[in-house]
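Spelled out, the chains give:
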Amino acid sequence: MRIIGILLVILGVVGTALSSMMFGDIGIAGMIASLSSLLAGIGFCKAHKRLKGMERK
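Residues numbered from 1 in each chain as written. Predicted model: local features only at pLDDT ≥ 70, side-chain atom pairs only at ≥ 80, totals over all residues. Heavy atoms only, no water.

Draft legend 1. Summary view of the environment of Thr-16. Within the element layout of this structure, Thr-16 appears in helix H1 (residues 2-19). Thr-16 gets classed as partly exposed once you look at its relative accessible area, which sits at 24%. Expressed as a C-alpha distance, the spacing of Thr-16 and His-48, which sit 32 residues apart in the sequence, is 24 Å. Excluding anything up to four places from it in sequence, Thr-16 contacts Met-31, Ser-34 and Leu-35. (Helix = DSSP H or I, 4+ residues; strand = E, 2+ residues; numbered from the N terminus. Buried < 20%, exposed > 50% of the residue type's maximum accessible area, 1.4 Å probe, protein only. Contact = heavy atoms within 4.5 Å.)

Draft legend 2. Representation of the side chain of Ser-19 within the structure. Here Ser-19 is to be found in helix H1. On the basis of relative accessibility, which here comes to 4%, the residue Ser-19 falls in the buried class. Separated by 3.1 Å, the side chain of Ser-19 and the backbone oxygen of Thr-16 make a polar contact. Setting aside residues no more than four positions away along its own chain, Ser-19 makes contact with Gly-27, Gly-30, Met-31 and Ser-34. (Polar contact = N/O pair within 3.5 Å; in protein donor to acceptor, adjacent residues only side chain to side chain.)

Draft legend 3. Broad picture of a positive patch on the surface. On the surface, Arg-2, Lys-46, Lys-49, Arg-50, Lys-52 and Arg-56 cluster together into a positively charged patch. With five residues, the top contributor of residues to the positive patch is helix H2 (residues 24-56). Here Arg-2 lies in helix H1. (Patch = residues over 30% accessible without salt bridge, like charges linked within 9 Å, V, L, I, M, F, W, Y side chains within 5 Å. Areas by Shrake-Rupley, 256 points an atom, 1.4 Å probe, with all protein chains shown as cover. Salt bridge = Lys/Arg side-chain N within 4 Å of Asp/Glu carboxyl O. Lys, Arg positive; Asp, Glu negative; His and termini not counted. Charge placed at Lys NZ, Arg CZ, Asp CG, Glu CD.)

Draft legend 4. Seen up close, the side chain of His-48. The residue His-48 is located in helix H2 in this model. Of the residues examined, His-48 reaches a relative accessible area of 17% and is grouped as buried. Leaving out residues up to four positions away in the same chain, His-48 has contacts with Met-1 and Arg-2.

Draft legend 5. Molecular detail of a nonpolar patch on the surface. Taken together, the side chains of Ile-3, Ile-6, Leu-7, Ile-10, Val-14, Leu-18, Met-21, Met-22 and Ile-26 define a hydrophobic patch exposed on the protein surface, amounting to about 910 Å² of accessible area. Ranked by the residues each element gives to the nonpolar patch, the list is headed by H1, at six residues. As for its position among the elements, Met-22 is in the loop between H1 and H2.

Right, dumping it as structure tokens:
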């Protein structure tokens, strides 16, 4: 789960950089997609941390 989160964060950062080079509507769509990937990656990392905490109890 943590690996998926890290890959999504990397994909979001790279996508944000690439979408800043695009023009018009395509750039906006790329930015929305990269931000959603970034947020999903952060969510996966937080979920992994909470699941690890639940296993210890």
